[in-house]
Amino acid sequence: MQAPVIEPPQILPESVDRRLYRVIHALPHSTLGDRYVTTLSDLGEGLGWVAAGAAVAWLGGAKGRRAGVAMTVASLGTTYLVQRLVKPVFRRRRPHVGRDDLVVVGIRTTDASFPSGHTASSFAAATATAAFYPAVAPLVFALATGVGVSRVHLGHHFPSDVIAGGVIGIGLGSVTASLLKRPASI
């Protein structure tokens, strides 16, 4: 027996979602540019945030250790939850599925598109980081936004996938940071 398919929530009207997709995806593609955008996208999946979390934990003293753990747990935990629990429920097709006329940089994955796991992971880590170090909030949220835009530009997600991923990431990053900012009761 197959699990029921639930339609993703309509965050943006379909015409707006597809128009935004076309605008962002149509930004110039070049070998060198796509390599940089792909690197940003790949680091947003978790590896970049885990490495940053390890550096913060190593260099930042007691506060840095908590912040580093929060960044890492938020990023990896969000990736796991989105990939294993949320995407299987919605099973939205990726923009390129069934279309050979779209440029897709990287592997043409066919798993569910909604929500963007890279974006969710990035916003979770950015939110956790900003909770410990508010001064870096503009930088980490700019990086997370860059990851989200990269997912559309590379042809892997619709803008509404990215928006939903960002909202999920902010929520889970906030919960993670609040749990790890609490003083130890021992």
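Colleague: Could you clarify how one ought to interpret the overall build of the chain in this entry?
Modeller: Helix and strand counts for the chain come out as seven helices and zero strands. Taken from N to C terminus, the helices and strands of the chain fall in the order α-α-α-α-α-α-α. A buried classification covers 41% of the 186 residues belonging to the chain. The long-range share in the chain, meaning contacts at least 24 apart out of those at least 6 apart in sequence, stands at 79%. In the structure as shown, the chain presents an accessible area of about 10,100 Å², 68% of it carried by carbon and sulfur atoms.

Colleague: Please explain helix H2 (residues 31-44) as it appears in this structure.
Modeller: Here H2 contains 14 residues, and its C-alpha end-to-end distance of 20 Å stays within 8% of the 20 Å for a straight helix at 1.5 Å per residue. The set of residues buried in H2 consists of Asp 34, Ser 41 and Gly 44. In an axial view of H2, the angular spread of the buried residues amounts to 80°, which keeps them on one side of the axis. Opposite the packed face of H2, turned more than 90 degrees from it, sit the exposed residues Thr 31 and Tyr 36. Phi turns positive one or two residues past the end of H2, at Gly 46, with a value near 150°.

Colleague: What's the story with the packing of aromatic side chains in this structure? I'm lost.
Modeller: Centre distance and the angle of the planes are the two values used to describe a pair of aromatic rings. Counting across every chain of the model gives three aromatic pairs. Their ring planes at 55° and their centres at 5.5 Å tell us that Tyr 21 and Phe 158 sit as a pair that is tilted. Linking Tyr 21 in helix H1 (residues 14-25) with Phe 158 in the loop between helix H6 (137-153) and helix H7 (159-181), this pair joins segments that are 137 residues apart in sequence. When sorted by exposure, Tyr 21 lands in the same class as Phe 158, which is buried. Judged by centre distance (6.1 Å) and plane angle (40°), the ring pair of Phe 123 and Phe 141 falls under tilted.

Colleague: I keep staring at a nonpolar patch on the surface and nothing clicks. Help me out?
Modeller: Nonpolar side chains collect at one region of the surface, where Tyr 80, Leu 81 and Leu 85 lie side by side and expose about 300 Å² of accessible area between them. Relative to the elements of secondary structure, Leu 85 occurs in helix H4 (residues 61-90).

Colleague: Explain the layout of surface pockets here, please?
Modeller: Unfilled space is identified by rolling a water-sized probe across the atoms. Counted as a void, the largest pocket has a volume near 290 Å³. Asp 42, Glu 45, Thr 109, His 118 and Arg 151 are the residues nearest the centre of the largest pocket, which is lined by 20 residues in total. Elements supplying a minimum of two residues to the lining of the largest pocket: H2, H4 and helix H5 (117-132).

Colleague: Quick question: what am I supposed to make of the side chain of Arg 92 here?
Modeller: Residue placement: Arg 92 occurs in the loop between H4 and H5. A polar atom in the side chain of Arg 92 sits 3.0 Å from the side chain of Asp 17. Separated by 2.8 Å, the side chains of Arg 92 and Ser 160 make a polar contact.

Colleague: When you look at the packing of H5 against H6 in this model, what are you seeing that I'm missing?
Modeller: Any two packed helices are characterised by how steeply their axes cross, that is the angle between the axes, and by the distance between the axes. Orientation of H5 relative to H6, taken along the N-to-C sense of each, is 180°, at an axis distance of 9 Å. Put simply, H5 runs roughly antiparallel to H6. In this structure, H5 uses His 118, Thr 119, Ser 122, Phe 123, Ala 126, Thr 127, Thr 129 and Ala 130 to contact H6, whose residues at the interface are Ala 137, Val 140, Phe 141, Ala 144, Thr 145, Val 147, Gly 148 and Arg 151.

Here is what the cut-offs are and how they apply
- Residues numbered from 1 in each chain as written.
- Predicted model: local features only at pLDDT ≥ 70, side-chain atom pairs only at ≥ 80, totals over all residues.
- Heavy atoms only, no water.
- Helix = DSSP H or I, 4+ residues; strand = E, 2+ residues; numbered from the N terminus.
- Buried < 20%, exposed > 50% of the residue type's maximum accessible area, 1.4 Å probe, protein only.
- Contact = heavy atoms within 4.5 Å.
- Areas by Shrake-Rupley, 256 points an atom, 1.4 Å probe, with all protein chains shown as cover.
- Expected span 1.5 Å × (residues − 1).
- Arc of directions from axis to C-beta.
- Phe/Tyr/Trp six-rings, centres within 6.5 Å; stacked < 30°, edge-to-face > 60°.
- Patch = residues over 30% accessible without salt bridge, like charges linked within 9 Å, V, L, I, M, F, W, Y side chains within 5 Å.
- Salt bridge = Lys/Arg side-chain N within 4 Å of Asp/Glu carboxyl O.
- 1 Å grid on protein atoms, 1.4 Å probe; cavity = no way out; pocket = protein on both sides within 12 Å on 5 of 7 lines; lining within 4 Å.
- Points joined across faces, edges and corners; volume = space filled by probe spheres on them.
- Polar contact = N/O pair within 3.5 Å; in protein donor to acceptor, adjacent residues only side chain to side chain.
- Axes fitted to C-alpha atoms, helices over the stretch in contact; angles between N-to-C directions.
- Parallel < 35°, antiparallel > 145°, perpendicular 65-115°, else oblique.

That is the geometry; function is a separate question.
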